[in-house]
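Structural overview for review
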Amino acid sequence: MHLLLRFIIGGIVVSLFAVLGDLIKPESLGGVFAAAPTIALATIVLTVHKQGAGYVAIEGRSMIAGAIAFVLYASAVSFVLMRYRTKSLATAASLMIVWFATAAGLWAIWLRG
Amino acid sequence: MRLHLQFQSLRETTPMEYAKRFLFGGIVTLTATLIADHYGPIIGGLFLAFPGIFPGGISLVEKHKIERERDAGKQGIRSARGEAAVEATGASIGALGLAAFALTLWKGLASGHALIPVLICAGAAWTATSWAGWWFREKM
C-alpha cells in the first residue's frame, strides 16, 4: 500500500514541477525545474515516518553526490546539444552514463567509507 | 530576457504527455524507494537526485519547439535542439540548487531539528541557489 502511495505522490509532485517548468519563461529558468527535488519531496515525509530522521539524514548526504552528478550530466547534455545539435532524447539517454559514473565515483571516494 | 509566465505552453502538452509524466514520475519515485529499501540509505540517497524524467522533459521541449516552427512555416530542428540545450543548462543550475537542498536536509536532520522546518529551509536553499545561479549566468 505504501508503494502505491509513493507512486501516486511521486507522479503528482513530478507533474506539478514539470508544469511549473513549462510555464516559466525564459527557457533557461524553466529548465531549473527539471532539477527540482521532486523525488525527495515525494518520499521524505513517508521515509521519516517509517525509518526515522537519521535514515533520511544519511540519504541527504548521498543526495549531494547524486546532485553533483546531475550538474555534470546536465552540463554534458547541454554542451553536446549546443555543439552538435543531436536529437535531445538520444543525447540525454546516452549521456546518462555520466550521471552513473560520477555518482559511483563519489560513492567510492566519499560515501562508502 | 524578462521573467514571465507563458500559459500557452500548457496547451502544447497533450493529455497523453501529461499522463506519461505522471507515470514516469511515479515509476522513478518507486524505483528510488525500492533501491533504498534493498541497498540502504547511502546508495538510496544517490537516487533522490537521479535525473530519471530529464530525457523525456527535454525531448518534449524539442518536440514542442519543432511544432511551433512548423506552424510558422519553418524547419526548426536545429533551433529546437538549441532550445533543448538551453533547458539542459537550466537543469545544471537547478542541480546546484538540488545539492544545496540535500546539504540543508543532511545537516538539519543530523543536528536533530524537526522535519518540517528543515524541509522549508531546504526548499529555500534550492530556490535561492537556483535563482542566484540563473541570475549570475544571465549576467555573464
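Residues numbered from 1 in each chain as written. Chains lettered and ligands numbered in written order. Predicted model: local features only at pLDDT ≥ 70, side-chain atom pairs only at ≥ 80, totals over all residues.

1. Notes on the interface of chain B and chain A
- Taken together, the contacts link 70 residues of chain B with 68 residues of chain A.
- Elements that contribute at least two residues to the side of chain B that touches chain A include exactly strand 1 (4–5), helix 1 (8–12), helix 2 (15–39), helix 3 (41–46), helix 4 (54–71), helix 5 (77–110) and helix 6 (115–139) of chain B.
- The element contributing the most residues to the side of chain B that touches chain A is helix 5 of chain B, with 27 residues.
- Residues belonging to the side of chain B that touches chain A are distributed by class as follows: 45 nonpolar, 19 polar and six charged. (Contact = placed C-beta atoms within 7 Å. Helix = DSSP H or I, 4+ residues; strand = E, 2+ residues; numbered from the N terminus. Nonpolar A, V, L, I, M, F, W, Y, C, P; charged D, E, K, R; others polar.)

2. A short note on the domain arrangement of chain A
Residue and element names in this part refer to chain A.
- Here the domain parsing of chain A yields domain 1 (1–51) and domain 2 (53–113).
- Of note, the centres of domain 1 and domain 2, computed from C-alpha atoms alone, are 18 Å apart.
- Taken residue by residue, the interface counts six residues in domain 1 and six residues in domain 2.
- Residue classes in the side of domain 1 that touches domain 2 are distributed as four nonpolar, two polar and no charged. (Domains from an automatic or database assignment.)

3. A few points about unusual backbone geometry
Residue and element names in this part refer to chain A.
- P26 follows K25 through a cis peptide bond whose omega is 10 degrees.
- When you line up the elements, P26 lands in the loop between strand 1 (24–25) and helix 2 (27–30).
- We note that R85 has phi near 50 degrees; this positive angle belongs to a residue other than glycine.
- Residue placement: R85 occurs in the loop between helix 4 (53–84) and helix 5 (88–94).

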